[in-house]
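Listed below, chain by chain, are the residues.
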Amino acid sequence: MSLLPPLAADPEAPRQRRARLAQTLREAGGGVAVLPTAPQRVRNRDTHHPYRPDSHFHYLTGFDEPDAWLVLDSTGRSTLLCLPRDPEREIWDGHRLGPEAAAAALGVEAALSVEDLDQHMPNLLSGHPAVWYPFGVHEGLATRIERWLDVVRARERQGASCPTQCRDLSVLLDEMRLIKDAHELQLMRRAGTISALAHVRVMERCGQWAREGRLEPCREYHLEAELLHEFRRQGAVGPAYPSIVAAGANACVLHHPAGEAALKPGELCLVDAGCEYRGYAGDITRTFPISGRFSAAQRELYEIVLAAQTAAIAALRPGARLRDAHEAALRVLCQGMLDTGLLDRSRHGDVDEVIGTAAYRPFYMHGTSHWLGRDVHDVGSYVQEDEPPIEQPDGMGGRVLRKPSRILQPGMVATVEPGLYVRPAPGVPERYWHLGIRIEDDALITPAGCELLTRDAPVQPDEIEALMAGAA
Ligand code: GLY
Ligand code: MN
Ligand code: MN
């Protein structure tokens, strides 16, 4: 497989996002936003987990060093606080940008040493009507801000003016991040492509091992190794979430991490994995026959899940609601459950009844879509906040009062991931026992409908068989 050239960074993109956030702050009554990046986490003793910056912070700065803060006010003035240069530490941890170079490199108006954070912060907060920060994300942040505000209040007789409100910055940033800008779309397309190439590699390798009679020692973790190999060789930092590689009955465990289960001919393997590329996630699921050929029962259920996904994808377009995709998929899945006898028609009636009573839940117990972006389960409200609540199914057989689902707009990215999971149970046809099938792609809402970012990995059963046979 050929190597993709690295994408260029775009230092203008964070600057444009900061300008948009300043405008949003003005529209919301003004104030100053305070945003720390993520802390470094100790794994044990003096060894750390791999560092990943906070998603909001990186979105607004493109800066990936730890111990950094962004302060941005509604006039559009940005101040970055970052670690000072330190030749001794840089021998161990690598180059630091340092405040002297940060302003020019990142396009912020000022850059200061984070070592003087407590000294600078009261000055940066003074004179604004409100302080905005992400509520409930950074442990201890509210207390620190309170302390800085105490200092501002103590200076009021010298002319300082203390903000009188604390407001949740995530409310603004979550909505901004829900609509991806052009630079983000470039990165998300790449995350989707690399993730898809990794799935292709997994299916090709598994098919090759099956053809050559070499499946015998192979286990789930061997397929995980193929995923990781492709992610890294294509420039991704690694997986965007723990890779799910589930052979046989393990596929009925929705988040089964790649483990030691053997790859057995005759069984299916479900792989739910995506890479993180420059801070953006791919999220793909493919389910394929370990031998390279679907059995009749496997193909029957696979075709139902694929038809459900096709119906959901057709529902994704501007003006529709995200939940329309779920409802479209659910109808196809429920019809399939009745047609195959997973649900007994004489007991459960028709599709409407199956949906009304949630009789489908033993076989389909998760949602069909979530937002995707920097975080695999990305930010953004799932409801239309400006509409009143309406009564709707709660998915458990009851009804609930909830705001209607979010209306789709171009630039939103959501997954489409229906599935069927069959655990042994009385009355459930044995030929389907232990089959777990999910098919997941990433869809960008476009003015005309949607664009799938992940279809470099085949999804049609014949195409999967051809790929595994070495013919693709
Ligand atoms: N990979 C987790 C999910 O599909 O939501
Ligand atoms: Mn997903
Ligand atoms: Mn997934």
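Note: the structure precedes this text.
Everything numeric here is computed off the predicted structure, so don't read it as measured data.

Parameters at a glance
- Sequence order sets the numbering: in each chain, residues are counted from 1 along the sequence as written.
- Each chain is given a letter, starting from A, and each ligand a number, starting from 1, according to the order in which they appear as written.
- Thresholds applied to this predicted model are a pLDDT of at least 70 for local features of residues and 80 or more for the giving and counting of side-chain atom pairs; totals over whole chains, interfaces and linings are not thresholded and use all residues.
- Excluded from the side-chain calculations are hydrogens and water; all other atoms, namely the structure's heavy atoms, are used.
- Here, any two strands with at least 2 DSSP bridges between them count as paired.
- The way it works is that DSSP assigns letters per residue, a run of H or I at least four long becomes a helix, a run of E at least two long becomes a strand, and they are numbered from the N terminus.
- In what follows, a contact means two residues having at least one pair of non-hydrogen atoms within 4.5 Å.
- Interaxial angles span 0 to 180 degrees and are taken between N-to-C directions of axes, which are lines fitted to C-alpha atoms, for helices over the stretch in contact.
- Buried Ala, Val, Leu, Ile, Met, Phe, Trp, Tyr and Cys residues that are joined via side-chain atoms within 4.5 Å together make up what is termed a nonpolar core.
- Only protein chains enter the accessibility calculation, which uses a 1.4 Å probe; a residue is then buried when its area is under 20% of its type maximum, exposed when over 50%, and partly exposed in between.
- We call an atom a donor if it is N, O or S and sits within 2.8 Å of the metal, or 3.2 Å for Na, K and Ca. Water is not counted, so some sites may look partial.
- Here a salt bridge means any side-chain nitrogen of Lys or Arg lying within 4 Å of a carboxyl oxygen belonging to Asp or Glu.
- Under this scheme a four-donor centre is tetrahedral when all angles range from 85 to 135 degrees, a four-donor centre is square planar and a six-donor centre octahedral when opposite donors are above 155 degrees with the rest from 65 to 115, and any other centre is irregular.
- By convention in this text, a residue qualifies as near a molecule or strand provided that one of its non-hydrogen atoms is within 4 Å of it.
- N or O atoms within 3.5 Å of each other form a polar contact, as long as, within protein, one can give a hydrogen and the other can take it, and as long as residues adjacent in sequence are counted only when both atoms are side-chain atoms.
- All accessible areas in this document rest on Shrake-Rupley with a 1.4 Å probe, and a residue is counted as covered only by the protein chains that are shown.
- Just so you know the grouping, Ala, Val, Leu, Ile, Met, Phe, Trp, Tyr, Cys and Pro go in nonpolar, Asp, Glu, Lys and Arg go in charged, and all remaining residues, Gly too, go in polar.
- When two rings of Phe, Tyr or Trp (its six-membered ring) have centres within 6.5 Å they constitute a pair, described as stacked for plane angles under 30 degrees, edge-to-face for angles over 60, and tilted for the intermediate range.

Visitor: Can you break down the sheet that holds strand 12 (residues 275-277) residue by residue, with the values?
Guide: In spatial order, the strands read 9-12-13; together these three strands make up an open sheet with antiparallel pairing. Looking at strand neighbours, the two that pair on one side only are strand 9 (238-239) and strand 13 (280-281), the edges of this open sheet. As judged from the two bridges shared by strand 9 and strand 12, these two strands associate in the antiparallel manner. The residue of strand 12 that forms the bridge with glycine 238 is glutamate 276. In this fold helix 8 (residues 182-211) packs onto strand 12 and strand 13, with an angle of close to 150° to the strand it touches most, strand 12.

Visitor: Report on the side chain of serine 55, specifying residues and quantitative values.
Guide: Relative to the assigned elements, serine 55 resides in helix 2 (residues 55-61). Beyond its immediate chain neighbours, meaning those up to four positions away, serine 55 contacts Arg177, Arg374 and Asp375.

Visitor: An account of the nonpolar core is requested, with residue identities and associated values reported.
Guide: In this structure, Leu21, Leu223, Phe288, Leu301 and Met337 are the most contacted members of the largest nonpolar core, which totals 122 residues. The leading source of residues in this core is helix 8, at twelve residues. Excluding anything up to four places from it in sequence, leucine 21 contacts Leu60, Leu72, Leu169, Leu172, Leu173 and Met176. Counting residues in each nonpolar core, the second largest holds 20 residues, with Leu83, Met121, Ile145 and Leu149 among its members.

Visitor: How would you sum up the coordination of the manganese ion (ligand 2)? Please name residues and give values.
Guide: Protein-derived coordination of the manganese ion (ligand 2) comes from Asp283 (OD), His370 (NE2), Glu417 (OE) and Glu440 (OE), at a distance range of 2.0 to 2.2 Å. Separating the manganese ion (ligand 2) from the manganese ion (ligand 3) is a distance of 3.2 Å, and aspartate 283 supplies a donor atom to each of them. Linking glutamate 417 in the loop between strand 17 (413-416) and strand 18 (419-421) with glutamate 440 in the loop between strand 19 (436-438) and strand 20 (441-445), this pair joins segments that are 23 residues apart in sequence. For glutamate 417, a relative accessible area of 10% corresponds to the buried category. Judged by relative accessible area, which is 0%, glutamate 440 ranks as buried.

Visitor: How would you explain the pattern of salt bridges if you had to name every residue and give the values?
Guide: With the rule as written, the count across this model stands at 34 salt bridges. Note that aspartate 93 is salt-bridged to arginine 89, the shortest N-O span being 3.1 Å. Taken together, the residues span about one helical turn, with aspartate 93 and arginine 89 both in helix 3 (residues 87-93) at a distance of four residues. A residue is classified by how much of its surface remains accessible, and arginine 89, at 36% relative accessible area, is partly exposed.

Visitor: Break down the coordination of the manganese ion (ligand 3) for me, citing the residues and quoting the values.
Guide: Looking at the manganese ion (ligand 3), the protein donor atoms are Asp272 (OD), Asp272 (OD), Asp283 (OD) and Glu440 (OE), and they sit 2.0 to 2.5 Å from it. Seen from the manganese ion (ligand 3), its six donor atoms lie at angles of 56 to 169°, and the figure they make is irregular. Donor residues for the manganese ion (ligand 3) sit on one chain with the sequence pattern D-x10-D-x156-E. Since its relative accessible area comes to 3%, aspartate 283 is described here as buried.

Visitor: Lay out the sheet that holds strand 14 (residues 284-289) with the relevant residues and their values.
Guide: Strand-to-strand pairing in sheets goes through backbone hydrogen bonds, with the strands running parallel or antiparallel. With antiparallel pairing, three strands are arranged side by side in an open sheet as 10-11-14. Since the sheet does not close on itself, it has two edges, and those belong to strand 10 (244-247) and strand 14, each with one partner. Between one strand and the next, the sheet's axes are offset by a mean angle of 10°, whatever the strand orientation. Sheet analysis places strand 10 next to strand 11 (residues 268-273), joined by four bridges and oriented antiparallel. Its bridge partner being in strand 11, isoleucine 244 is matched across the sheet by aspartate 272.

Visitor: Please provide a residue-by-residue account of the site of ligand 1, values included.
Guide: Taken together, Tyr241, Asp272, Asp283, His370, His377, Glu417 and Glu440 make up the full set of residues adjacent to ligand 1. In this structure, an oxygen atom belonging to ligand 1 sits 3.0 Å away from a side-chain N or O atom of glutamate 417. Out of a free accessible area of 200 Å², ligand 1 has 91% covered by protein chains. Counted by class, the shell around ligand 1 contains one nonpolar, two polar and four charged residues.

Visitor: Break down the pairing of strand 15 (residues 390-393) for me, citing the residues and quoting the values.
Guide: Sheet analysis places strand 15 next to strand 16 (residues 399-402), joined by four bridges and oriented antiparallel. Bridging across to strand 16, glutamine 392 finds its partner in valine 400. Linking strand 15 to strand 16, which pair antiparallel, is a turn of five residues; within it glycine 395 sits at a positive phi near 80°.

Visitor: Account for the packing of aromatic side chains, with residues named and values stated.
Guide: In total, this model carries four aromatic pairs according to the counting rule given. With a centroid separation of 5.6 Å and an interplanar angle of 70°, the aromatic rings of tryptophan 69 and tryptophan 148 are classed as edge-to-face. Taken together, the residues tryptophan 69 in strand 4 (residues 69-73) and tryptophan 148 in helix 6 (residues 141-154) connect sequence positions 79 residues apart. Each member of the pair tryptophan 69 and tryptophan 148 is classed as buried. Here the aromatic rings of phenylalanine 294 and tyrosine 302 are separated by 5.0 Å at their centres, their planes lie at 55°, and the arrangement is tilted.

Visitor: Any chance you could break down the side chain of histidine 348 for me, citing the residues and the numbers?
Guide: Residue placement: histidine 348 occurs in helix 12 (residues 345-348). Taking relative accessible area as the criterion, histidine 348 reaches 15% and is therefore assigned buried. Not counting the four nearest positions on each side in its chain, histidine 348 is found in contact with Leu338, Leu343, Glu353, Val354 and Ala359.

Visitor: Describe unusual backbone geometry, listing the residues and the values that go with them.
Guide: Residue aspartate 67 is not a glycine yet carries a positive backbone phi of 55°. Among the structural elements, aspartate 67 can be located in the loop between helix 2 and strand 4. For alanine 358, which is not a glycine, the phi torsion comes out positive at approximately 60°. Tracing the backbone shows alanine 358 in the loop between helix 13 (351-357) and strand 15. Accessibility expressed as a relative area gives 7% for alanine 358, which makes it buried.

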